[in-house]
Protein chains: 2
Amino acid sequence: MQDYPLVLVRNLYKEHSDASLKDGTKVLVEGWVRSNRDSGHIGFVSLNDGTCFKCLQLVYDETIASYEVARHLSTGEAIRATGVLKLTPEAAQPFELRIEEIESIGKVEGDYPLQKKFHSLEFLRELPYLRPRTNTFSALYRLRSELAYAIHSFFHERGFVYVHTPEITTNDAEGAGQTFKVATSGKDAFKEFYGREVTLTVSGQLHVEPFALAYRNVYTFGPTFRAEKSNTPRHASEFWMIEPEMAFCDLKGDMKIIESLIKYCIAYVFEHCPEEMEFFSTRIDKGLKEKLEKVLQSEFKVLTYTQAIDLLKEAVKSGVKFDEPHIEWGMDLASEHERYITEKVVGGPTFLIDYPKEIKAFYMKENPDGKTVAACDLLVPGEGEIVGGSQREDDYEVLAKKMEAQGNKEGLEWYLNLRKWGGCPHSGFGLGFDRFLGYISGVTNIRDTEPYPRTYGSIKY
Amino acid sequence: MQDYPLVLVRNLYKEHSDASLKDGTKVLVEGWVRSNRDSGHIGFVSLNDGTCFKCLQLVYDETIASYEVARHLSTGEAIRATGVLKLTPEAAQPFELRIEEIESIGKVEGDYPLQKKFHSLEFLRELPYLRPRTNTFSALYRLRSELAYAIHSFFHERGFVYVHTPEITTNDAEGAGQTFKVATSGKDAFKEFYGREVTLTVSGQLHVEPFALAYRNVYTFGPTFRAEKSNTPRHASEFWMIEPEMAFCDLKGDMKIIESLIKYCIAYVFEHCPEEMEFFSTRIDKGLKEKLEKVLQSEFKVLTYTQAIDLLKEAVKSGVKFDEPHIEWGMDLASEHERYITEKVVGGPTFLIDYPKEIKAFYMKENPDGKTVAACDLLVPGEGEIVGGSQREDDYEVLAKKMEAQGNKEGLEWYLNLRKWGGCPHSGFGLGFDRFLGYISGVTNIRDTEPYPRTYGSIKY
């Protein structure tokens, strides 16, 4: 094979877009065949080298020595090829590679499950290790990677310290979810390794708070777990969470950062994943781009929980049908109620704040009214709740009383201590990464947004 | 309190270094008292606001209304203060804040364990939630955060796709470490949730390989687990790993990327954490800076395992004393042997390659000699091994035979399938993040480099 320089397809498109790609350049490419059609004397391979969403068209004809190799290439085959770049401004592709030599690196045996035809998301869910080779998942997991980077960039630019909170833990944070236990094989399997029972974390929040009281602004971004036996498109037993915590920050400051983060991420993926976003908004969710652009342009509204309850009562009176039509102050809002508020009433992203303390976690700051806490849930059209945050209770006595009442003070003395040794107002929130990716991509099932989903009753590899 | 704009200490130092900090600027600061000395009419508070390693000196005198507040401030107290910035080029600090008003936000009760005196690392290990407030750990966990960002930046700049491989898994990768089991509370605790036994991952490699065969270059960076009952400064049962995987890449290419990554990270922390690195090389490890700078300037050497064995044999002959003096081809090298090679023989970072296949994992590519595999371990002076990598076996038949012999083919058919559907040469490596941080900082105990270490017999919170 000729000794031409290796190029990545991503770089070819980049060079083309800044007009530095030269007609006649001799290059080597490596990648996988997406399709191959041979019309007798001439043939076309659509090559994806993994470095970008788009493919490169390879053109070969019967004059090349490896013509027989070329015409028998099949979908999925790994190849290497050399040739000459040809600018083709008049064609569908802006450039193509005229092949001089082509070589098969890895054949595809006949039982390959991904043939060149449409495969449903459900079918591909059975093949998590192969689906990144398809258009949809290739776009989705690159977007996932870019979205993760956007999140790190956002916080890094603002001086937030990234903290790796532990996965194995002795506390279950808000006590909200069922937890997984961690065990060994010994006789006393649940206790023998650490000398006590331990579980997989449901949230890094309690562990990250002490770091906010040292660094001011911190965040954790890692896996969390719920042993919840829910079989819905939104529930997985393992998922990644972003949990920032800011000292000297109240609920208002919290909401400011949430709004900035959401907008930053949307702007980031529009800028860095234009092909992927185009694909999602034409193939997966027609209204996607407008939905996200509207979020970018909107100022997030703030309503109190109490206002929301009143609005929902009015809605019921005026004939709106909910599955749960009995609206009363103190209830947990269902997704249908949240979506009604953000979609029908506000028509844009909406913070609901000041929830009844009985339906929120023990660590949230009690408001002066004695009935509500300084919590905020961000609701967005098309999804419902995507962020939950709050100012934290920083009054030692108030918190101690609550923890005693809930019976979770034992083992969390350290958490309480933070309130008597240089405490200050602080706030934070949690953003479920996999659901957020679903919101950004329009791919709504967490079994798709996670590379290897773990859900109740189902685990692969 | 006067309505002056809030400033972060980090930004003050930044403005000072680019000479844009103006004498006479009125500002508000928030943070924690590191020390307070009052000499009767005038007093000095060293304020750390968490945004940078350095403190800001606050100067107050008896003329201010809050003088009584100021003189009674104690170490650890959360405060807010307004004042006027004064450039002090002749003093130890380049600038200070002349206080107009000072307010206590969070008092420190008398039982606060961190008094203004020296605390040993061992003492602080008992207080993982407070130690980020000390100089050493403040520097260490900011460095940790920056190092994590360096790693993401390195791969992002090079177009690598970040993949979240799962924590809960049905396979134990190389079968090297003891695994933790994941259970629920039900009757059939080990099986009832997923319908089968599952464990916590020991490595993301097997799960990330399929993504390399779709995206060319990928990496995973997340928690991994070993239920190993080792009580050493280098072993934790939970730790973060970086595992890249590159398609169309052989062992040589693998080593190139390892070398670039290590150098990139060192250069990055020198650039982004100059105060922290200065602190570590003056207070923790005197030779640290020279050690790391030498790595930056060196070209990593490559020796085969066989050459290393010969060198070790010669060393023994010439009188070098090892705890394990019996050197023979086929043995696993101990840390003392690795360090002898990298420190005494080479005097710099050294790749050992082509290990006997019997002592390496099943997925490593067999060399033509039939006895060794295309593996590489990177050894560095002062530490020993920090990276382990290999080219992967891409020959279906060879790999299938090995897996059958090892009895791990069942359940890993998908992994094997990658070799028959568009496979290609690919390589990758694993870098233990917590150990790497120890190497970069000179803080050698993993109980310190991890925010909340989980080790055999020990777990806090």
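Not measured: the values here are computed from a predicted model. (Residues numbered from 1 in each chain as written. Chains lettered and ligands numbered in written order. Predicted model: local features only at pLDDT ≥ 70, side-chain atom pairs only at ≥ 80, totals over all residues. Heavy atoms only, no water.)

Colleague: How should the overall build of chain A be read in this particular structure?
Modeller: When its secondary structure is counted, chain A shows 14 helices and 16 strands. In terms of its C-alpha atoms, chain A occupies a principal-axis envelope of roughly 85 × 65 × 40 Å. Every one of the 461 residues in chain A was classed for burial, and the buried ones make up 60%. In chain A, once contacts between residues fewer than 6 apart in sequence are set aside, the share between residues at least 24 apart is 67%. Only carbon and sulfur atoms are counted for the fraction: they give 49% of the accessible area of chain A, which is about 17900 Å². Mean positive and mean negative side-chain charge positions of chain A (56 and 70 charges, respectively) differ by 1 Å. (Helix = DSSP H or I, 4+ residues; strand = E, 2+ residues; numbered from the N terminus. Buried < 20%, exposed > 50% of the residue type's maximum accessible area, 1.4 Å probe, protein only. Contact = heavy atoms within 4.5 Å. Areas by Shrake-Rupley, 256 points an atom, 1.4 Å probe, with all protein chains shown as cover. Lys, Arg positive; Asp, Glu negative; His and termini not counted. Charge placed at Lys NZ, Arg CZ, Asp CG, Glu CD.)

Colleague: What's the story with the sheet that holds strand β3 (residues 56-61) of chain B in this structure? I'm lost.
Modeller: Two modes of strand pairing occur in sheets, parallel and antiparallel, and in both the strands are linked by backbone hydrogen bonds. All names here are of chain B. Strand order in the closed barrel formed by five strands is β1-β2-β3-β5-β4, and the pairing between neighbours is mixed. Pairwise comparison of adjacent strand axes, ignoring direction, gives a mean angle of 55° for this sheet. The pairing of strand β1 (residues 26-38) with strand β2 (residues 42-48) spans six bridges and is antiparallel. By the bridge assignment for β2, R37 is matched with F44. Helix-sheet contacts for helix α1 (residues 9-17) involve β3, β4 (78-87) and β5 (95-106), and the interaxial angle to β5 is about 175°. (Pairing = 2+ DSSP bridges. Axes fitted to C-alpha atoms, helices over the stretch in contact; angles between N-to-C directions.)

Colleague: Please explain the confidence of the model for chain A as it appears in this structure.
Modeller: On average, residues of chain A score 96 in pLDDT, and 99% of them reach the 70 mark or higher. Across the assembled chains, the prediction reports ipTM 0.97 with pTM 0.98. (pLDDT = per-residue confidence, 0-100.)

Colleague: Whenever I open this one, the relation of the copies chain A and chain B confuses me. Can you help?
Modeller: Both copies of the chain are placed relative to one another by a rotation about an axis and a shift along it. At an RMSD of 0.0 Å, chain A and chain B line up after a rotation of 180° and a shift of 0.0 Å along the axis. What the rotation and shift describe, once combined, is the action of a two-fold rotation axis. Using C-alpha coordinates, one finds that chain A approaches the rotation axis most closely at A:V182, a distance of 2.5 Å. Both copies present the same face, since 99% of the interface residues in chain A are matched by interface residues at the equivalent positions in chain B. (Least-squares fit on C-alpha atoms with pLDDT ≥ 70 in both.)

Colleague: Looking at this structure, I do not really get the pattern of salt bridges. What am I missing?
Modeller: Pairing between side chains of opposite charge can happen when the charged atoms of each approach one another. Taken as a whole and judged by the stated rule, the model has 60 salt bridges over all chains. Across the pair A:R339 and A:E343 runs a salt bridge whose closest N-O atoms are separated by 2.8 Å. Here A:R339 and its partner A:E343 are both found in helix α10 (residues 335-346), four residues apart, which amounts to about one turn of the helix. What makes A:E343 partly exposed here is its relative accessible area of 28%. Through salt bridges with shared partners, a single network forms among A:E30, A:R80, A:E103 and B:R216. (Salt bridge = Lys/Arg side-chain N within 4 Å of Asp/Glu carboxyl O.)

Colleague: How should I be thinking about the pairing of strand β10 (residues 217-225) of chain A in this particular structure?
Modeller: Residue and element names in this part refer to chain A. Of all nine residues that make up β10, nine are buried, and the element is covered over most of its length. In terms of strand pairing, strand β6 (residues 161-162) meets β10 through two bridges, oriented parallel. Its bridge partner being in β10, Y162 is matched across the sheet by Y219. In this sheet, strand β11 (residues 238-247) lies alongside β10 in antiparallel orientation, the contact comprising nine bridges. Bridging across to β11, N217 finds its partner in M246.

Colleague: How should the nonpolar core be read in this particular structure?
Modeller: The nonpolar side chains of a soluble globular protein tend to be buried with one another. By size, the foremost hydrophobic cluster in this structure holds 222 residues, and its most contacted members are A:I262, A:Y415, B:I262 and B:Y415. Excluding its chain neighbours within four sequence positions, the residues that come into contact with B:Y415 are B:Q205, B:L206, B:E209, B:F362, B:Y363, B:L399 and B:M403. (Core = buried A, V, L, I, M, F, W, Y, C linked by side-chain atoms within 4.5 Å.)

Colleague: Quick question: what am I supposed to make of the environment of B:N135 here?
Modeller: Residue and element names in this part refer to chain B. Residue placement: N135 occurs in helix α4 (residues 135-157). The class of N135 is partly exposed, set by a relative accessible area of 37%. Once residues within four sequence positions are removed from consideration, N135 is found in contact with R34, F53 and F279.

Colleague: Looking at this structure, how should I read the sheet that holds strand β10 (residues 217-225) of chain B?
Modeller: Ordered in space as β6-β10-β11-β16-β15-β14-β13-β12 (chain B), the eight strands form an open sheet in which the pairing is mixed. Since the sheet does not close on itself, it has two edges, and those belong to β6 (161-162) and β12 (301-304) of chain B, each with one partner.

Colleague: Help me understand the packing of aromatic side chains in this model?
Modeller: Any pair of aromatic rings gets described here by the distance separating the centres and the angle formed by the planes. The full count for this structure, using the stated rule, is 69 aromatic pairs over all chains. With centroids separated by 4.5 Å and ring planes inclined at 25°, the aromatic side chains of A:W414 and B:Y461 adopt a geometry described as stacked. With one member in each of two chains, A:W414 in helix α12 (residues 413-417) and B:Y461 in the segment after β18 (458-459) form a pair that bridges those chains. Both residues of the pair, A:W414 and B:Y461, count as buried. Between the aromatic rings of B:Y305 and B:Y355, the centroid separation amounts to 5.4 Å while the plane-to-plane angle is 40°, which identifies the pairing as tilted. Separated by 50 residues along the polypeptide, B:Y305 in helix α9 (residues 305-317) and B:Y355 in strand β13 (residues 350-356) bring together distant segments of the chain. (Phe/Tyr/Trp six-rings, centres within 6.5 Å; stacked < 30°, edge-to-face > 60°.)

Colleague: What am I meant to see in the interface of chain A and chain B here?
Modeller: It is common to give the size of an interface as the accessible area lost on bringing the parts into contact. Listed as interface residues are 108 residues of chain A and, on the opposing side, 107 residues of chain B. For the pair chain A and chain B, the summed buried area comes to about 9000 Å², and 62% of that belongs to carbon and sulfur atoms. Considering only the side of chain A, the residues that lose the most area to chain B are A:H164, A:F193 and A:W421, jointly responsible for 10% of the buried surface there. Salt-bridge contacts for B:D111 lead to A:K420; the nearest nitrogen and oxygen are separated by 2.7 Å. Summed over the shared surface of chain A and chain B, the result is 51 residue pairs in polar contact (both at pLDDT 80 or more). (Buried area = accessible area lost by both parts, 1.4 Å probe. Polar contact = N/O pair within 3.5 Å; in protein donor to acceptor, adjacent residues only side chain to side chain.)

Colleague: Help me out: how do you make sense of the side chain of B:Q57 in this one?
Modeller: Residues and elements named next belong to chain B. By the element assignment, Q57 lies in strand β3. Among the polar contacts made by the side chain of Q57, one reaches the side chain of E96 at a distance of 3.3 Å. Among all residues touching Q57, those that are not within four sequence positions of it are R37, F44, V45, Q93, E96 and L97.

Colleague: Can you walk me through the pairing of strand β2 (residues 42-48) of chain A in this structure?
Modeller: Every regular strand shows the same layout, with side chains that alternate between the two sheet faces. Burial of β2(A) is extensive: five of the seven residues sit out of reach of the surface. Between strand β1 (residues 26-38) of chain A and β2(A), which pair antiparallel in sequence order, lie three residues; one of them, A:G40, sits at a positive phi of approximately 105°.

Colleague: How should the side chain of B:Q205 be read in this particular structure?
Modeller: Residues and elements named next belong to chain B. Here Q205 lies in helix α5 (residues 205-215). Side chain to side chain, Q205 and E209 meet in a polar contact 2.8 Å long. When residues no more than four places from it in sequence are discounted, the contact partners of Q205 are E243, E245, Y363, R392 and Y415.

Colleague: I tried to follow the packing of α4(B) against helix α7 (residues 274-284) of chain B on my own but got confused; where do I start?
Modeller: Helix packing for two helices is described by the angle between their axes and how far apart those axes are. Residue and element names in this part refer to chain B. Across the interface, α4 lies against α7 with an axial gap of 10 Å and an inter-helix angle of 130°. Between α4 and α7, the angle is such that the two are oblique. Pair α4 / α7 crosses with left-handed handedness. Every residue of α7 that contacts α4 at N135, T136, A139, L140, R142 and L143 is listed here: E276, M277, F279, F280 and I284. A class-by-class count of the residues in the contact of α4 with α7 yields seven nonpolar, two polar and two charged. (Parallel < 35°, antiparallel > 145°, perpendicular 65-115°, else oblique. Left-handed = near helix turned anticlockwise from the far one by under 90°. Nonpolar A, V, L, I, M, F, W, Y, C, P; charged D, E, K, R; others polar.)

Colleague: Honestly, unusual backbone geometry in this entry has me stumped. Any pointers?
Modeller: As a rule of thumb, non-glycine residues mostly have phi less than zero, and peptide bonds are mostly trans rather than cis. One non-glycine residue, A:A19, lies in the positive phi region at around 65°. Locating A:A19 in the fold gives a position in the loop between α1 (9-17) and β1. Among the residues examined, A:A19 registers a relative accessible area of 69% and is labelled exposed. Unlike most non-glycine residues, B:Y461 shows phi in positive territory, near 65°. For B:Y461, a relative accessible area of 12% corresponds to the buried category.

Colleague: When you look at helix α6 (residues 251-272) of chain B in this model, what are you seeing that I'm missing?
Modeller: Residue pairs spaced three or four apart in an α-helix point in one direction, given the helix's 3.6 residues per turn. A rise of 1.5 Å per residue sets the reference length of α6(B), with its 22 residues, at 32 Å; its end C-alpha atoms lie 31 Å apart and thus fit the reference within 8%. Measuring from the side-chain oxygen of the N-cap residue of α6(B) to the backbone nitrogen of B:K252 gives 3.2 Å; that N-cap residue is B:D250. (Expected span 1.5 Å × (residues − 1).)

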